[in-house]
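# Examination of the molecular architecture
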Amino acid sequence: MSLLLCQKDAENPFYSETLDLRLWSLQELCYVIYNHPLLALRDFDGNELLLFLRKELGLSALSDRLAQAGKGNAASPEEAGAALLTALLRESGFYTPAEAEACRSRMEAYQNGAPEDREHAEGLSLFRLERYRLSEESFRRELAIVSEQARRARSGKERDALLVRKADICCSLAAVRVRLFDEAGALRLLAEADEAAPGERAARFRYLLGKTAPDDGAEAGLTDEEKKSLSGQKETARQQALLSPRYREAETAAALPQGKREEALGAMLRQWKKEYRRMK
Amino acid sequence: MATAIGIDLCGDDTTVHISGSEEAFTLPTVICRERETERFSVGEEAYRRTLDGEGVLVDKLLRLAERGGTATIGGTCYKAQELLNLFLREAVSRVLPEGSDVSEIGALTVSVTAPKGGAREAALTAARSLGLPADRIRVIGHTEAMMYYILSGEQAFYHNTAALYHLTEEGLFYYEMQLLRGVRRVSAAGDGMALDEGFNLDILKTEAGRKLGDSILVSCAGKLMARKNYSAVFLTGKGFADMDCFPQFRSFLCRRRRVLSETGLFARGASAASADRLRGKTAYPYVFLCESRLPADISISVMNRKREEQLLLAEAGQPWEESTAQAELLPCRQDYIDIDITPANRTEQKRTVRVPLRGFPKRPDRCTKIALSVSFPQAGTLRLCVKDRGLGEIFPASDACVYEEIEI
């Protein structure tokens, strides 16, 4: 337990395009690196980062030490980037050495993993950060790799497994579309998923979207019991949504006096539109 | 060269002293407005005009301003503060060298009997009305002015305890000062009090009254100065203008110590304080401990880049009204702040006050930056304000705030 002394914020922030965040202080940088190591690794340019530390935060000595750590014994630019970010976490004092080490392990696992797994992890991280356009891009890249692998599969078993994965990716893409209220797009992706490998996930998804009718045959594969269970899940999700920070944010904004209400709701809407317009 | 001025603003008389000059200029704290025109005069001239029937006199200016009072002259209602402002401007202009104006004052220190509440505010407002920047003005108490006066003199005066008696129309006051050498930093501790035995100076006009006054002073001195070793005793105020009135008191004081009588002692002390502020380095390297200074160090324990250290928010001996501090902190696995209060004197123990961060949004650990600010609304009271700063755009700041006032 302690109080960590913060330095004064930068006058010009460090912009993370992936996260669409302006970072004003060392603590914010460390938070992003620790909580989103994959994205930090992809997004942060080492030289820009060192320049930001030196020029904007006045941490020349730290910047020099990090530059040395980054050069170290790294075999590739990616490894050098990971070393630099871990060193920053360790040197900043905002995270313990054990936490910095854990972060480094996550980065290493990511770097040593297969390209499609990296894309998948990135897509998920971006989805959780509500960066839907970039999330979709990652899932699309994953889809392309997996489709190509399925095409070249040597055995039927291997191909089936890859098609199941492809269907799963399509479901993830549908989830992105749903978040942007593009239900038609989501349904198209669910049809693609069914085409690759009909599975429970797509069926459940479609049912939860409420786009099925008892006579359209879309409920194929769902028993009455499953449907009942899904209805329960839908209700639970609805209840959870009412407690979500985003919903509360909207509720709080709606309760503001007129001028401020428009401003707050406008900001939320602009953020959503920004993501939506960038979608292909 | 910038001028350093000290003013002793009292209910009956006001004394103005320019640092470096021999004489201190004293005038009654009164103002007179002519009946027909809006012309004002102050001090003795105000009395003269009033006696001549030319104007209307307003006295007890400081007390009136302190209470936010008014005075109606010639059908015009004046706020007492306005009259005090006029009085102070006139008093200052009388001591300034010919050809120089108020803007040349580099530091102005006003001493009042007790530097708190309305008296302090009234004196500060009057000083600010001169048009000087706020950082050139200070209001101090008589205790601090006495300390500056004594410390600016010979070291032999304050080798042991130094005492001061102040006898005026407003009462009898006793002050003491001593250096505390066995502490972390050498401190000068001063204290003062109004004595219940104060008497009206009119009694000194008769032989019997003088004897009574003398015996009162001897009795007070006997009680106050027993069992202590004094290097020097100072006497000031209108009551001690003629020491022949108090033969027994004089002989009591003049035992193995120096006794000095001084006019305008507080104004001289205040001007010494002003002069010190104009210096690059203080001539008084002591921690001042008195009513207008902080009695303790205020600090918090923080981690600064992996090193634990004590962050000093306010230092003992600094003027409380000028002592403010801000810091930004990130609580790590804790939802409170521990404030350490370390008294400068030896008699009290260090203590820690815990301030819980109630009403702050629930966020992951190390994601709630707080802006801590410290100020002192009055002597002996620490005001703490802790605001939620969130964590940049990741966790936007909320309106959550904690206010706490702590007795030091």
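Rules and cut-offs
Residues numbered from 1 in each chain as written. Chains lettered and ligands numbered in written order. Predicted model: local features only at pLDDT ≥ 70, side-chain atom pairs only at ≥ 80, totals over all residues. Heavy atoms only, no water. Helix = DSSP H or I, 4+ residues; strand = E, 2+ residues; numbered from the N terminus. Buried < 20%, exposed > 50% of the residue type's maximum accessible area, 1.4 Å probe, protein only. Contact = heavy atoms within 4.5 Å. Areas by Shrake-Rupley, 256 points an atom, 1.4 Å probe, with all protein chains shown as cover. Lys, Arg positive; Asp, Glu negative; His and termini not counted. Charge placed at Lys NZ, Arg CZ, Asp CG, Glu CD. Pairing = 2+ DSSP bridges. Right-handed = clockwise from strand over helix to strand, strands pointing away. Axes fitted to C-alpha atoms, helices over the stretch in contact; angles between N-to-C directions. Parallel < 35°, antiparallel > 145°, perpendicular 65-115°, else oblique. Left-handed = near helix turned anticlockwise from the far one by under 90°. pLDDT = per-residue confidence, 0-100.

With that settled, the discussion passes to the overall build of chain A. Along the backbone of chain A there are 14 helices and three strands. When its C-alpha atoms are laid out on the principal axes, chain A stretches across 70 × 60 × 35 Å. Across the 280 residues that make up chain A, the buried fraction comes to 42%. A fraction of 57% describes how many contacts in chain A between residues 6 or more apart in sequence connect residues 24 or more apart. Of the roughly 15500 Å² that chain A leaves accessible, carbon and sulfur atoms contribute 51%. Computed over 44 positive and 46 negative side-chain charges, the separation of the two mean positions in chain A equals 2 Å.

Moving on to the side chain of glutamine 81 of chain B. Residues and elements named next belong to chain B. By the secondary structure assignment, glutamine 81 is in helix H3 (residues 80-95). Among the residues examined, glutamine 81 registers a relative accessible area of 19% and is labelled buried. Other than its neighbours up to four places away in sequence, glutamine 81 contacts Ala65, Ala122, Thr125 and Ala126.

It is worth spelling out the pairing of strand S10 (residues 137-141) of chain B at this point. Residues and elements named next belong to chain B. Burial runs high along S10: five of the five residues are buried. Inspection of the sheet shows strand S9 (residues 105-112) paired to S10 by five bridges, in the parallel sense. Paired with serine 111 across the bridge in S10 is isoleucine 140. In terms of handedness, the path from S9 via helix H4 (residues 117-128) over to S10 forms a crossover that is right-handed.

All right, on to the packing of H3 of chain B against H4 of chain B then. Angle between the axes and distance between the axes are the two parameters that describe a pair of packed helices. All names here are of chain B. Close contact between H3 and H4 brings their axes to 8 Å; oriented N to C, the two are set at 55°. With respect to their mutual orientation, H3 and H4 come out oblique. Handedness of the H3/H4 crossing: right-handed. Between H3 and H4, the residues in contact are Gln81, Leu84, Asn85 and Leu88 and Ala122, Thr125, Ala126 and Ala127, respectively.

This part takes up the confidence of the model for chain A. With 91% of its residues at a pLDDT of 70 or more, chain A shows a mean pLDDT of 83. Of all secondary-structure elements in chain A, the lowest mean pLDDT belongs to helix H11 (residues 200-209) of chain A, at 77, while helix H8 (residues 132-151) of chain A reaches the highest, 92.

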